[in-house]
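This is what each chain is made of:
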Amino acid sequence: MSAKLSTNSKKKIKRNIGEGNVYIQATFNNTIVTVSDIKGNALAWASAGGMGFKGAKKSTPYAAQITAESALNKVRDFGINYVHVYIKGPGIGRESAIRAIGSTGMTVKSISDITPIPHNGCRPKKTRRV
């Protein structure tokens, strides 16, 4: 009796998504770009640290540009033509990531800032006395 090897590899389904969301999280230390469909299911993501930038170079506008281009190149097969951009955080790579999205050939439909702003939430630390 010879054992038959079964290959249960899933076939990649070529989806044609016309519209998607791009979430840019720009912190002081890193930039993370996530591309999702309209429902919010993540299709691809990239970060400045994953692109090979280390230390202080992760938070530069150039790193944000390369990260955005990489994330959008991963979803090129899905057929996304129009994107809604959501920006979160105070990092300096915000504008350059949006410009990189425009340079990849995708049409930016809207840009929204979803940075969380406290409405007098947590109590601040006590003042430091030296």
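Just above sits the structure.
Sequence order sets the numbering: in each chain, residues are counted from 1 along the sequence as written. Whole-chain, interface and lining totals are the exception, using all residues; otherwise, since this is a predicted model, local features are given only for residues with pLDDT of at least 70 and side-chain atom pairs are given and counted only at 80 or more. The side-chain quantities take in all heavy atoms of the structure and omit both hydrogens and water.

Caption draft 1: View of the overall build of the protein. Along the protein, the regular secondary structure elements total two helices and five strands. Elements are defined by DSSP. Helices are runs of H or I of four residues or more, strands are runs of E of two residues or more, and each kind is numbered from the N terminus. Ordered by position in the sequence, the α and β elements of the protein form the string β-β-β-α-β-α-β. Burial analysis of the protein (130 residues in total) assigns 34% to the buried set. Pairs at least 24 apart in sequence give 64% of the contacts found in the protein among residues at least 6 apart. Counting every atom, the protein has about 9,600 Å² of accessible surface; 54% of that belongs to carbon and sulfur. Exposed residues in this analysis have more than 50% of their type's maximum accessible area, buried residues have under 20%, and partly exposed residues fall in between, with area computed by a 1.4 Å probe over protein chains only. Whether two residues are in contact is decided by their heavy atoms: any pair within 4.5 Å suffices. Residue burial considers only the protein chains on display, and all accessible areas are found by Shrake-Rupley using a 1.4 Å probe.

Caption draft 2: Representation of the pattern of salt bridges within the structure. A carboxyl oxygen of Asp or Glu within 4 Å of a side-chain nitrogen of Lys or Arg is what we treat as a salt bridge. Following the criterion strictly, the structure yields two salt bridges and no others. Its salt-bridge partner being Glu19, residue Lys109 comes within 3.5 Å of it at the nearest N-O pair. One end of the pair, Lys109, is in strand S5 (residues 107-113); the other, Glu19, is in strand S1 (residues 19-26), and 90 residues separate them in sequence. The closest approach of N and O atoms between Arg94 and Asp113, which form a salt bridge, is 3.1 Å. Linking Arg94 in helix H2 (residues 94-103) with Asp113 in strand S5, this pair joins segments that are 19 residues apart in sequence.

Caption draft 3: Inspection of unusual backbone geometry at higher detail. One non-glycine residue, Asn120, lies in positive phi territory at about 55°. Of note, Asn120 is situated in the segment after S5. For Asn120, a relative accessible area of 77% puts it in the exposed group.

Caption draft 4: Seen up close, the environment of Ile114. Take Ile114: it is sitting in the segment after S5. Through-space distance from the C-alpha of Ile114 to that of Ile24 is 9.8 Å; in sequence the pair is 90 residues apart. If we skip the residues at most four places from it in the chain, Ile114 touches Tyr23, Tyr86, Ile87 and Lys88.

Caption draft 5: Focus on the packing of aromatic side chains. Two aromatic rings from Phe, Tyr or Trp, using only the six-membered ring of Trp, form a pair when their centres are within 6.5 Å; if the ring planes differ by under 30 degrees the pair is stacked, by over 60 it is edge-to-face, and anything between is tilted. Scanning all chains against the criterion turns up two aromatic pairs. With a centroid separation of 5.2 Å and 20° between ring planes, the pair formed by Tyr23 and Tyr86 is classed as stacked. Taken together, the residues span a long stretch of sequence, with Tyr23 in strand S1 and Tyr86 in strand S4 (residues 82-88) at a distance of 63 residues. We classify Tyr23 as partly exposed; its relative accessible area is 30%. Here the aromatic rings of Phe53 and Tyr62 are separated by 6.0 Å at their centres, their planes lie at 85°, and the arrangement is edge-to-face.

Caption draft 6: Seen up close, H2. Every buried residue of H2 is accounted for by Arg94, Ser96, Ala97, Ile98, Ala100 and Ile101. Looking at the packing, one finds that the buried side of H2 touches S1, helix H1 (61-74), S4 and S5. Following H2 by one or two positions, Gly105 adopts a phi angle in the positive range, close to 105°.

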